[in-house]
Amino acid sequence: MWQRNGDVLVTDLDDELVLMHAGRSEMFSLNSTGRLLWQALPATEETLTALLATTFELPGGQAQADVRAVLNDLSVRHLIRAV
Amino acid sequence: MADAPPTPEQTAWPSLDALVNCAPDVPPTWLDALRYDWGLGCPAQQSAAAARRIEVQVGPLPPLPSGAVTREVALPDGAAQAQVLGDELWLGGRLHVRLGARLSVLTCGPQGAGRDLWALAFTEAHRAAGWVPLHAALIAGQGGVVAVTGPSGAGKTTACLRLRAAGWTVLAEDRAWIGPGGQAAGLDRTLRALDDSLALFAPEWLGGAPAHRDGRGKRLLPLAAPPVSLPLTAVLLLGHAGALGPADRVREFWQATGVPLGAAGQQAVSAAAQRLVQTVLWRPAGREELLSLVPELLGAPLHTDSA
C-alpha cells in the first residue's frame, strides 16, 4: 500500500500537479498520468495499475511498468511512502 | 530612575490586517524594534484588524514535545533550528509560536531573540491567516500593483529607483505581502540605495539633509504607503529567460515566498499558490522593459509627485 507523504504541498493545475516537499523545499511536477495516480492514493500498486489500464486503455504490462516508474520517482523524492 | 511605562502606541499597533498586542512586561526596546519592523497596516483592512490578533508576551517557553520535527531554517545572517508540531513552533530555543488564523501567540524567553527569529515568528503568524510574503518589490498605480521579483542582483532596487523617479509609487523594496483577498501591501519603510545608483537613476534625491544610512552605507529613502489597498495584478520576473508555463509559475511562486513551517500556513499558502498562478499575470521582464511595461499594466501613477 502506498500513501502520500503528509509533508507535501500540492498545486493542482488541472492537467498537471506540482508537488512541493515542505521539509526539503523540493518541487516535482506530475503529468496527467502521475496526477491520476497521485489522486488515487492511498492505494496498492495493483489498484493503481488497474486504474491506469482502465483510464487509458493500456495493456496490463505497460500499465504496471508505468505505475512502477511513477511510484519509484515519487518514493525516491520522499513524496510517497509504502505502509 | 524607573523606565517610563510603554505608551498604548508602543504596545498595540496594526501589522497588515492584524492587531498586535504586546504584554506590559515586554521591554520597551523590543517594542520599538518590533513595531518598526512589523507595524505597518493594510488600509482597506482596518475593520478586520480587531478580528485578527497577534499577542506578544515574555515568559518561559513551553517544553518541547517528543513528536516535534526539527527543521533547519535559512536566515539572512545564518541559520536557525526550528521545532515544529502542527501549528506550534519553537524557534532557535528563544521563541515559541502558537499559530492560528484568528489568533497567534508569540512567547519570547526573557533573554530575548534576534531580529531574524522575530521575523520568522511574525511571518508564520501572517501566513497562518492566509498572507503570502514575496521577496519582491511592489509598484503601485491606478490599475493595481505589480510585483517585481528575481534573484539577488537582478535589478529590483534599480527598477524601484527608476520607476519611482518616473512617478510610480513604490510600496516595497523586497518585503511584499499578498493578502488572502489578493490585496498587496509592503512592510518596508525605506528604499535602500547606494549613492552611485542614485546618481545614475534618481540624482534629485542626493541632496538635502544628511542621509540616514544602513550598515552597508546605503541611503534610506522613505516609502509612502498608499491611502487605499490595491490588488496584485501581475508578477514580473527579472532575469528569467523564456516563457512561463503553469508549472514554472508555481516554481517561481515558491522561490519567491519560501515554505511555511506551520501546518495552517502551509495550507493557506498552498491555496494561495493555486490562486495566484492562475489569476495573476506572470511574465519575464527585462530591466529596460519595465519602464514601458509598468504603465501598460497599471495605467497612470497614483500621484502626480514622485512620493
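Residues numbered from 1 in each chain as written. Chains lettered and ligands numbered in written order. Predicted model: local features only at pLDDT ≥ 70, side-chain atom pairs only at ≥ 80, totals over all residues.

### Details of the packing of helix 2 (residues 45-56) of chain A against helix 3 (residues 60-76) of chain A
All names here are of chain A.
Logical step 1: With their axes 8 Å apart at the nearest point, helix 2 and helix 3 run at an angle of 120° to one another. Accordingly, the angle class assigned to the pair helix 2 and helix 3 is oblique. You can see that helix 2 and helix 3 cross each other, and the crossing is right-handed. Contacts between helix 2 and helix 3 involve Glu 45, Leu 48, Thr 49, Leu 52 and Ala 53 from the former and Gly 60, Ala 63, Gln 64, Asp 66, Val 67 and Leu 71 from the latter.
Logical step 2: Among the residues making up the contact of helix 2 with helix 3, the classes are represented as 6 nonpolar, 3 polar and 2 charged. (Axes fitted to C-alpha atoms, helices over the stretch in contact; angles between N-to-C directions. Helix = DSSP H or I, 4+ residues; strand = E, 2+ residues; numbered from the N terminus. Parallel < 35°, antiparallel > 145°, perpendicular 65-115°, else oblique. Left-handed = near helix turned anticlockwise from the far one by under 90°. Contact = placed C-beta atoms within 7 Å. Nonpolar A, V, L, I, M, F, W, Y, C, P; charged D, E, K, R; others polar.)

### Focus on the sheet that holds strand 3 (residues 17-21) of chain A
Residue and element names in this part refer to chain A.
Logical step 1: Pairing in this open sheet of 3 strands is antiparallel, and the strands run 2-3-4 from one edge to the other. Single-partner strands in this sheet number two, and they are strand 2 (8-12) and strand 4 (26-30). On average, each strand axis in the sheet is tilted by 20° relative to the strand beside it, whichever way the strands run.
Logical step 2: By the bridge criterion, 5 bridges tie strand 3 to strand 4 in an arrangement that is antiparallel. Following the sheet pairing, Met 20 is matched in strand 4 by Met 27. (Pairing = 2+ DSSP bridges.)

### Examining the domain arrangement of chain B
All names here are of chain B.
Logical step 1: What the domain assignment lists for chain B is domain 1 (8-128) and domain 2 (132-298).
Logical step 2: For domain 1 and domain 2, the distance between their C-alpha centres works out to 24 Å.
Logical step 3: Contact with domain 1, which involves 22 residues of that partner, is made by 18 residues of domain 2.
Logical step 4: When contributions to the side of domain 1 that touches domain 2 are tallied by element, the ones reaching two or more residues are strand 5 (78-85) and helix 4 (115-128).
Logical step 5: For the side of domain 1 that touches domain 2, the leading source of residues is helix 4, giving 5 residues.
Logical step 6: Each residue belonging to the side of domain 1 that touches domain 2 can be placed in one class, and the counts come to 12 nonpolar, 5 polar and 5 charged. (Domains from an automatic or database assignment.)

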